[in-house]
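# An overview of the molecular structure
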Amino acid sequence: MTAHRIYNFNAGPAALPLSVLETIQAEFLDFQGSGMSVTEISHRSKWFDAVIEDAIARTRRLLGLSDQYEVLFLQGGASMQFAMIPMNFLGDGDTADYVNTGTWATKAIKEARIQGKTVTEAATSEDRGFAYIPKDIAFTPGAVYAHITSNNTIKGTQWDAFPETGGVPLVADMSSDIMSRPLPVDKFGMIYAGAQKNIGPAGVCMVILRKDLLERTPSSLPTMLRYTTFAEKNSMYNTPPCFAIYTIQLVLKWLEETIGGLEKMAAVNQAKGDKLYSLLDGSDFYQGTADADSRSLMNVTFRLPSEDLEKQFVADALAAGFGGLKGHRSVGGCRASIYNATGMDAIEALMDFMREFERKMG
Ligand SMILES: Cc1ncc(COP(=O)(O)O)c(C=O)c1O
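What this report covers is the structure whose coordinates are included nearby. (Residues numbered from 1 in each chain as written. Predicted model: local features only at pLDDT ≥ 70, side-chain atom pairs only at ≥ 80, totals over all residues. Heavy atoms only, no water.)

So, about the pairing of strand S5 (residues 146-149). Side chains of S5 alternate between two faces, with Ala-146 and Ile-148 and His-147 and Thr-149 buried alike. In terms of strand pairing, strand S3 (residues 95-100) meets S5 through two bridges, oriented parallel. Bridge pairing in S5 links Tyr-98 to His-147. Examined bridge by bridge, S5 and strand S8 (residues 170-173) share four bridges and lie parallel to one another. Bridging across to S8, Ala-146 finds its partner in Leu-170. (Buried < 20%, exposed > 50% of the residue type's maximum accessible area, 1.4 Å probe, protein only. Helix = DSSP H or I, 4+ residues; strand = E, 2+ residues; numbered from the N terminus. Pairing = 2+ DSSP bridges.)

Right under this line is the structure:
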């Protein structure tokens, strides 16, 4: 029986490649001849060992990571990283810069300050409701790191080129655009991403960490809050989120073997974004909310002429088989999240629906 599937524009948890879901379904009762489900096997078994090793190897290949970097899988979501980063990296007298581009960056700053850490808001786009990515940022020489949010899920903005920091390593929250494009990895001391948008289900956060930063971790921290704990034990100090890591492994395999790597993925994402934004640009009915030079290729945010029309748009879209188009509750409006697994077919179908809705209601 073919499952009922809608066009899924959820912001996260979000669409996964259909072929990945089918693989999970096919091997769910008997994982690789083990006679057990992947949710039933030991994380210390040869089966799970192969899963996590393959997930790490694929991450390394896709991003071109040197062995200077650790690839870790942690729990607590990206939100836990907001706390762990300053906790592990900032000692007495140390400072870090944060670029405030919206809700998630604001939370990251807050978690550092709660701990009494000295962090500077090196730039903010709050003056215009976070509709753009700041330029000309005055980074602090000697800062331990400079934190950015590479893609702002709520406001629909994204860093295109990454900023010059004068040698200060970037620490980036890439929760909503990890693995959507190749990266100049050398600029980054750390990359982290809650998996549930572009690479897997909720319950795991991918952390890519430059090894020298591990030397900063104070041994006085609780064991579970130290990066060194997980780096020393290959993310298996305690029971890791096995099912989530397994799904990531399959998504990364799909990225490598079906898509053909991050250059190819980036080209597809660019084409999808160009199409959808061209509809917004050509319409007086739909208005994009992000500045043109800061637009996200992952979360396309837009308004309709009234909140009533927005409500109706979301409801009619759902009835027509398009889910997840409501904007984040903190900002309203509409949002189409078009992560890696959302194909051009979904974009084109959505655009047909949007044109028809405008024709009827505009
Ligand atoms: C950019 C960004 N950072 C952090 C988070 C929080 O992630 P988590 O729910 O994994 O803590 C989100 C969630 O939507 C996000 O979009």
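Next comes the rest of the description.
As a further point, take the site of the ligand. Near the ligand there are 13 residues, and of these Ser-79, Thr-153, Asp-173, Gln-196 and Lys-197 occur at the shortest range. In the model, an oxygen atom of the ligand is placed 3.0 Å from a nitrogen or oxygen of the Ala-78 main chain. Burial of the ligand by the surrounding chains reaches 85%, relative to a free accessible area of 400 Å². Tallying contributions element by element places helix H3 (residues 77-89) first for the shell around the ligand, with four residues. Grouping the constituent residues of the shell around the ligand by class yields three nonpolar, eight polar and two charged. (Near = heavy atom within 4 Å. Polar contact = N/O pair within 3.5 Å; in protein donor to acceptor, adjacent residues only side chain to side chain. Areas by Shrake-Rupley, 256 points an atom, 1.4 Å probe, with all protein chains shown as cover. Nonpolar A, V, L, I, M, F, W, Y, C, P; charged D, E, K, R; others polar.)

Turning to the state of the cysteines, a few remarks are in order. Disulfide: a covalent bond connecting the sulfur atoms of a pair of cysteines. Taken as a whole and judged by the stated rule, the model has zero disulfides. Cysteine Cys-205 remains unbridged, with the sulfur of Cys-242 as its closest cysteine sulfur at 17 Å. Looking at Cys-205, the relative accessible area reads 0%, which means it is buried. (Disulfide = S-S within 2.5 Å.)

Let us now look at the pairing of strand S10 (residues 205-210). Burial analysis of S10 places six of its six residues in the buried class, the great majority of the element. Side-chain alternation along S10 places Cys-205, Val-207 and Leu-209 on one buried face and Met-206, Ile-208 and Arg-210 on a second face that is also buried.

Below, the discussion takes up the nonpolar core. Ranked by internal contacts, the top residues of the largest apolar core, which has 57 residues, are Phe-73, Ile-178, Met-179, Met-206 and Ile-208. Examining the composition of this core, we find that ten residues originate from one element, helix H6 (residues 242-259), more than from any other. Beyond its immediate chain neighbours, meaning those up to four positions away, Met-206 contacts Thr-59, Leu-72, Phe-73, Ile-178, Met-179, Ile-191, Tyr-192, Ala-193, Ile-199, Ile-248 and Leu-252. (Core = buried A, V, L, I, M, F, W, Y, C linked by side-chain atoms within 4.5 Å. Contact = heavy atoms within 4.5 Å.)

For the structure on display, the rule yields 16 salt bridges. The residue Arg-216 makes a salt bridge to Asp-94 at a minimum N-O spacing of 3.0 Å. A residue pair is termed long-range when its members are at least 10 positions apart, and Arg-216 in the loop between S10 and helix H5 (227-232) and Asp-94 in the loop between H3 and S3 qualify at 122 residues. Measuring nitrogen to oxygen at the nearest pair gives 2.7 Å for the salt bridge that ties Asp-212 to Arg-210. Residue classification places Arg-210 among the buried positions, given a relative accessible area of 18%. Each of Asp-54, Arg-58, Arg-61, Lys-253, Glu-256 and Glu-257 takes part in a single network of salt bridges with overlapping partners. (Salt bridge = Lys/Arg side-chain N within 4 Å of Asp/Glu carboxyl O.)

So, about unusual backbone geometry. Omega for the bond connecting Gly-12 with Pro-13 falls within 30 degrees of zero, at -10°, which places this linkage in the cis form. Following the sequence through the fold, Pro-13 ends up in the loop between strand S1 (7-8) and helix H1 (18-26).

Let us now look at the sheet that holds strand S14 (residues 334-337). Read from one edge to the other, the open sheet built from three strands follows the order S11-S12-S14, with strand pairing classed as antiparallel. The open sheet has two edge strands, strand S11 (287-288) and S14, and neither has a second partner. With four bridges joining them, strand S12 (residues 299-303) and S14 adopt antiparallel strand pairing. Pairing of Val-300 across the sheet is with Ala-336, part of S14.

Turning our eyes to something else, we now look at the environment of Gly-321. Summarising the element assignment, Gly-321 is placed in the loop between helix H8 (307-319) and strand S13 (322-323). Separated by 136 residues in the primary sequence, Gly-321 and Val-185 have C-alpha atoms spaced 38 Å apart. Residues within four places of Gly-321 in sequence aside, it is in contact with Ile-6 and Tyr-7.

Here we have seven strands laid out as an open sheet, ordered S2-S10-S9-S8-S5-S3-S4, and mixed in their pairing. Only two strands of the sheet have a single partner each, and these edge strands are strand S2 (69-74) and strand S4 (118-124). This sheet shows a mean twist of 20° between the axes of neighbouring strands, independent of strand direction. Against the sheet, H3 engages S2, S3, S8, strand S9 (188-194) and S10, with an angle of about 155° to S9. (Axes fitted to C-alpha atoms, helices over the stretch in contact; angles between N-to-C directions.)

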